[in-house]
Amino acid sequence: MIAIADYGVGNIFSLKSSLAYLGEEAVLTADPEVFRQADHLILPGVGAFGDAAEKLRQSGFAEVIREEAGRGKPLLGICLGMQLLLEKSFEYGEHVGLGLIPGEIVGIEGQLTDPELKVPQMGWNALQYPPERAKSRLYQGVAEGEFVYFVHSFCAVGSGDCLSAYVDYSFPVTASVEKENVYGVQYHPEKSGETGLKILKNFCTL
């Protein structure tokens with residue numbers, strides 16, 4: 001069973017629909033203990049990092065996520081959910097994340113080298129894989145250059161060897177990160193057509 005954390009921030013219904021389309025049993029839950037019992041865990045999220053991090057702590061999800069990830073259970077963070085996996089964010093202040101993956105969240109605007117590009121980055125962009133590391137299991141059957149859908153104003157930096165894919169937006173924008181059983185994608189696989197469905201299916205089969 002796959003559990004999707006419902007902690008008050010996320011476009012969770014389209015994600016659940018995508019998993020149902022793939023024939024996967026998925027439950028949307030606001031109960032951290034139900035979340036704990038699943039085989040695969042998904043942390044979605046849209047909105048502000050600080051608010052989401054506080055809701056994770058208050059709801060009890062933060063503790064359960066750390067514990068279950070520590071036990072080796074596959075965990076996928078999507079969009080803001082990915083950002084929450086990292087150590088901290090500088091989105092309107094400084095906020096502490098879950099610390100499961102190294103790196104920080106900073107504004108895209110301060111990284112752009114092309115002033116014509118808009119923030120937020122909104123739309124389709126082509127995946128590229130770091131040549132120095134083996135291709136992620138999340139991307140089996142997904143060729144370099146396939147497109148996924150982004151909507152974000154902040155991005156991850158400093159994840160080092162945990163970077164598993166990036167896209168070009170006048171600078172290399174982190175598209176995904178991973179460390180052992182913990183995976184994060186900045187884009188929305190549930191909005192990324194057949195490519196996104198392949199990525200979700202790969203996660204479900206880990």
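Right, let's walk through the structure included here. (Residues numbered from 1 in each chain as written. Predicted model: local features only at pLDDT ≥ 70, side-chain atom pairs only at ≥ 80, totals over all residues. Heavy atoms only, no water.)

### Points about the sheet that holds strand E12 (residues 172–179)
For step 1, the next point in the chain: Ordered in space as E2-E1-E3-E4-E13-E12-E11, the seven strands form an open sheet in which the pairing is mixed. Either end of the sheet is taken by a strand with one partner, and the two such strands are strand E2 (26–29) and strand E11 (163–168). The sheet shows a mean angle of 20° between the axes of neighbouring strands, taken without regard to direction.
For step 2, the next point in the chain: When E12 meets strand E13 (residues 182–185), the two strands line up antiparallel, connected through four bridges. Note that in E13 the partner of Ser176 across the bridge is Val185. (Pairing = 2+ DSSP bridges. Helix = DSSP H or I, 4+ residues; strand = E, 2+ residues; numbered from the N terminus. Axes fitted to C-alpha atoms, helices over the stretch in contact; angles between N-to-C directions.)

### Comments concerning the state of the cysteines
For step 1, the next point in the chain: Taken as a whole and judged by the stated rule, the model has zero disulfides.
For step 2, the next point in the chain: Sulfur of Cys79: no disulfide; nearest cysteine sulfur belongs to Cys155 and is 12 Å away.
For step 3, the next point in the chain: Summary of cysteine pairing: Cys162 is not part of a disulfide, and the nearest cysteine sulfur, belonging to Cys155, is at 16 Å. (Disulfide = S-S within 2.5 Å.)

### Brief notes about the packing of aromatic side chains
For step 1, the next point in the chain: The full count for this structure, using the stated rule, is seven aromatic pairs.
For step 2, the next point in the chain: An aromatic cluster is built from Tyr7, Phe35 and Phe61, whose rings are joined through pairwise contacts. (Phe/Tyr/Trp six-rings, centres within 6.5 Å; stacked < 30°, edge-to-face > 60°.)

### Some thoughts on the sheet that holds strand E7 (residues 104–107)
For step 1, the next point in the chain: Ordered by their spatial adjacency, four strands build an open sheet running E6-E5-E7-E10, and the pairing between neighbours is mixed. Only two strands of the sheet have a single neighbouring strand rather than two, namely strand E6 (95–96) and strand E10 (154–157).
For step 2, the next point in the chain: Direction of pairing for strand E5 (residues 88–89) relative to E6: antiparallel, over a ladder of two bridges. Bridging across to E6, Lys88 finds its partner in Val96.

### A few points about the packing of helix H3 (residues 49–59) against helix H4 (residues 61–70)
For step 1, the next point in the chain: Two numbers describe how H3 lies on H4: the axes approach to 5 Å, and their chain directions differ by 85°. As the angle between them shows, H3 and H4 are arranged roughly perpendicular. On H4, the residues that touch Leu56, Arg57 and Ser59 of H3 are Phe61, Ala62 and Ile65.
For step 2, the next point in the chain: Among the residues making up the contact of H3 with H4, the classes are represented as four nonpolar, one polar and one charged. (Parallel < 35°, antiparallel > 145°, perpendicular 65-115°, else oblique. Contact = heavy atoms within 4.5 Å. Nonpolar A, V, L, I, M, F, W, Y, C, P; charged D, E, K, R; others polar.)

### Focus: the nonpolar core
For step 1, the next point in the chain: Leu19, Ile42, Leu76, Leu127, Tyr139, Tyr187 and Ile199 are the most contacted members of the largest nonpolar core, which totals 36 residues.
For step 2, the next point in the chain: Elements with a contribution of two residues or more to this core: strand E1 (2–5), helix H1 (12–21), strand E4 (75–78), strand E9 (147–152), E11, E12, E13 and helix H6 (193–204).
For step 3, the next point in the chain: Looking at this core element by element, the count peaks at five residues for H6.
For step 4, the next point in the chain: Apart from residues no more than four positions distant in its own chain, Tyr139 is found in contact with Leu127, Tyr129, Ser164, Ala165, Ser176, Val185, Tyr187, Ile199 and Asn202.
For step 5, the next point in the chain: Core analysis: the second largest hydrophobic core is formed by 32 residues, Leu41, Phe61, Ile65 and Val182 among them. (Core = buried A, V, L, I, M, F, W, Y, C linked by side-chain atoms within 4.5 Å. Buried < 20%, exposed > 50% of the residue type's maximum accessible area, 1.4 Å probe, protein only.)

### Description of the pattern of salt bridges
For step 1, the next point in the chain: Evaluated as defined, the whole model comprises 11 salt bridges.
For step 2, the next point in the chain: When the shortest N-O distance is used, the salt bridge between Asp51 and Lys55 registers 3.5 Å. With Asp51 and Lys55 both in helix H3 and four residues apart, this pair spans about one turn of that helix.
For step 3, the next point in the chain: Note on Asp51: relative accessible area 39%, which makes it partly exposed.
For step 4, the next point in the chain: Between Arg71 and Glu68 there is a salt bridge, with the nearest N and O atoms lying 2.4 Å from each other.
For step 5, the next point in the chain: Salt bridges linked by common partners bring Glu33, Arg36, Glu67, Glu68, Arg71 and Lys73 together as one network. (Salt bridge = Lys/Arg side-chain N within 4 Å of Asp/Glu carboxyl O.)

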